[in-house]
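A look at the structure
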Amino acid sequence: MSEKNIHQEHDKGYKYLLQSKRAFMDLLRSFVKSDWVELVCEEELVRVDKSFILQDFSGKEADIVYRSRIKGQDVIFYVLLELQSTVDHQMPWRLFQYMSEIWRDHLKNTPAEAAAGKNFRLPAIVPLVLYNGSGPWTAVRSFREYQKGHELFTDELIDFKYGLVSVKGYTEADLVELATLMSAVFFLDQDIGKNELKRRLGVLMTSFGSLIHEDQRQLLAWAGKVVKSRVGGSVDVEAELNFPEGVEKMQHALERIIDEERLEGWEKGRLEGKLEGKLEGKLEGKLEGKLEAKLETARAALRKGLDCQIVVEITGLSHEVVEKLQQEVIN
């Protein structure tokens, strides 16, 4: 599977997970260290089921938008899932456009009289970026920093700072200690090889075994969509299985695929070795045959009494070789 397709599978996998209010709340509580998170409750969350598409970015759209009521205010949380291997340095600009579209949509659906009132305020938007690239996130985090010459101004500039959740930024110990649905997802989604993935599946069975049944099923469904795209082949994930049995079955399937790939690679290498050996043998045989023919021609010429220099010119052999052949003929 191409790298582009793998990232698309990741995008679909995270979208699937974060459409669940429980998973979204898990993401906030586990990885967003802000006081306002404690004010949000799952019951007040409402996922905004519409796309905010930007023409300037080839039809890209906001991935997940949630609205929540906190102390009588409508607060829209914005989560943009950019699952790419490289850092997007235009992120502040993209987020600003998404936020503008959300506000525009809100105003469009607000009665004109209310929108024009003295006490009207736009809903707050908290932009969050979920990043699973292998390198560090080096794009500027604030919209202010994205504006040239921002150092010359104080409060006059438009500004906001987006939250960043980097999948690769947590240690194994951090994720195991959290032992939540999203930490389990991050645990499997970090930049690891297939052998490490097999080991982590084993750790998952013991360290994340306390997840409730709903989280277990979501994790298995995510793994079925995303993990198998990284190892190739097909992994059968039965959502109805209990968690330890499901992960164990998935682990065995992954191990089988990895072992089959190793065998395939070994057989391929052996076949390539055979072909290489045949080619080398043919080449060496041809060279040996040509050399032997030259030597026989030189011997025949020397027996007839031809001068060594003439034999060198006829055969292309070196003086040293011809002189040795001459000694053989004489003896």
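If you're wondering where the values come from, they're calculated on a predicted model, not measured in any experiment. (Residues numbered from 1 in each chain as written. Predicted model: local features only at pLDDT ≥ 70, side-chain atom pairs only at ≥ 80, totals over all residues. Heavy atoms only, no water.)

**Description of the overall build of the protein**
Convention followed: The helix count covers DSSP runs of H or I at least four residues long, the strand count covers runs of E at least two residues long, and both are numbered beginning at the N terminus. Relative accessibility decides the category of a residue: with a 1.4 Å probe and only protein chains considered, values under 20% of the type maximum give buried, values over 50% give exposed, and everything between is partly exposed. Should any heavy atoms of two residues lie within 4.5 Å, those residues are considered in contact.
When its secondary structure is counted, the protein shows 11 helices and 7 strands. In the protein, which comprises 331 residues, the share counted as buried stands at 39%. Put simply, 61% of the contacts in the protein that link residues at least 6 apart link residues at least 24 apart.

**Details of the packing of aromatic side chains**
Quick reminder of the rule: Classification of ring pairs rests on two measures: the distance between centres of Phe, Tyr or Trp rings, Trp counted by its six-membered ring, which must be within 6.5 Å, and the angle between planes, read as stacked under 30 degrees, edge-to-face over 60 and tilted in between.
Counted under the stated rule, the structure contains 11 aromatic pairs. Look at Trp93 and Phe96: their rings are 5.9 Å apart centre to centre, the planes differ by 25 degrees, and that puts the pair in the stacked class. Placement of the pair is Trp93 and Phe96 together in helix H3 (residues 91–108), with a separation of 3 residues, close to one helical turn. Their ring planes at 25 degrees and their centres at 4.7 Å tell us that Phe96 and Phe143 sit as a pair that is stacked. Within this pair, whereas Phe96 is found in helix H3, its partner Phe143 is found in the loop between strand S6 (124–131) and strand S7 (163–166), the two being separated by 47 residues in sequence.

**What about the environment of Lys50?**
Structurally, the position occupied by Lys50 is in the loop between strand S1 (45–47) and strand S2 (53–54). Spatially, the C-alpha atom of Lys50 lies 8.4 Å from that of Val65, the residues being 15 residues apart in sequence.

**Remarks on a nonpolar patch on the surface**
Quick note on the threshold: Only residues whose relative accessible area exceeds 30% and that form no salt bridge are eligible for patches; like-charged ones are grouped when within 9 Å, while nonpolar side chains (Val, Leu, Ile, Met, Phe, Trp, Tyr) are grouped when within 5 Å. Values of accessible area rely on a 1.4 Å probe in the Shrake-Rupley scheme; residue burial ignores everything except the protein chains shown. By convention in these notes, a salt bridge is any Lys or Arg side-chain nitrogen within 4 Å of a carboxyl oxygen on Asp or Glu.
Residues Leu306, Ile310 and Ile314 make up a contiguous nonpolar surface patch of roughly 250 Å² in combined accessible area. By secondary structure assignment, the location of Leu306 is in the loop between helix H9 (243–303) and helix H10 (308–315).

**Some words on the pattern of salt bridges**
For the structure on display, the rule yields 9 salt bridges. For the salt bridge of Glu101 with Arg104, the shortest nitrogen-to-oxygen distance reads 3.2 Å. Taken as a pair, Glu101 and Arg104 lie in helix H3 at a separation of 3 residues, close to a single helical turn. Sharing partners across several salt bridges, the network here consists of Glu172, Glu196, Arg199 and Arg200.

**Structural notes on the environment of Asp189**
Applied cut-off: Polar contact is defined as a pair of N or O atoms within 3.5 Å, subject to the rule that within protein one atom must be able to donate a hydrogen and the other to accept it, and that residues adjacent in sequence are counted only when both atoms are side-chain atoms.
Within the fold, Asp189 resides in helix H6 (residues 181–189). The buried category is assigned to Asp189, whose relative accessible area is 2%. A sequence separation of 34 residues divides Asp189 from Ala223, and the C-alpha atoms of the two residues are 9.2 Å apart. Reaching out from Asp189, the side chain makes a polar contact with the side chain of Tyr14 at a distance of 2.8 Å.

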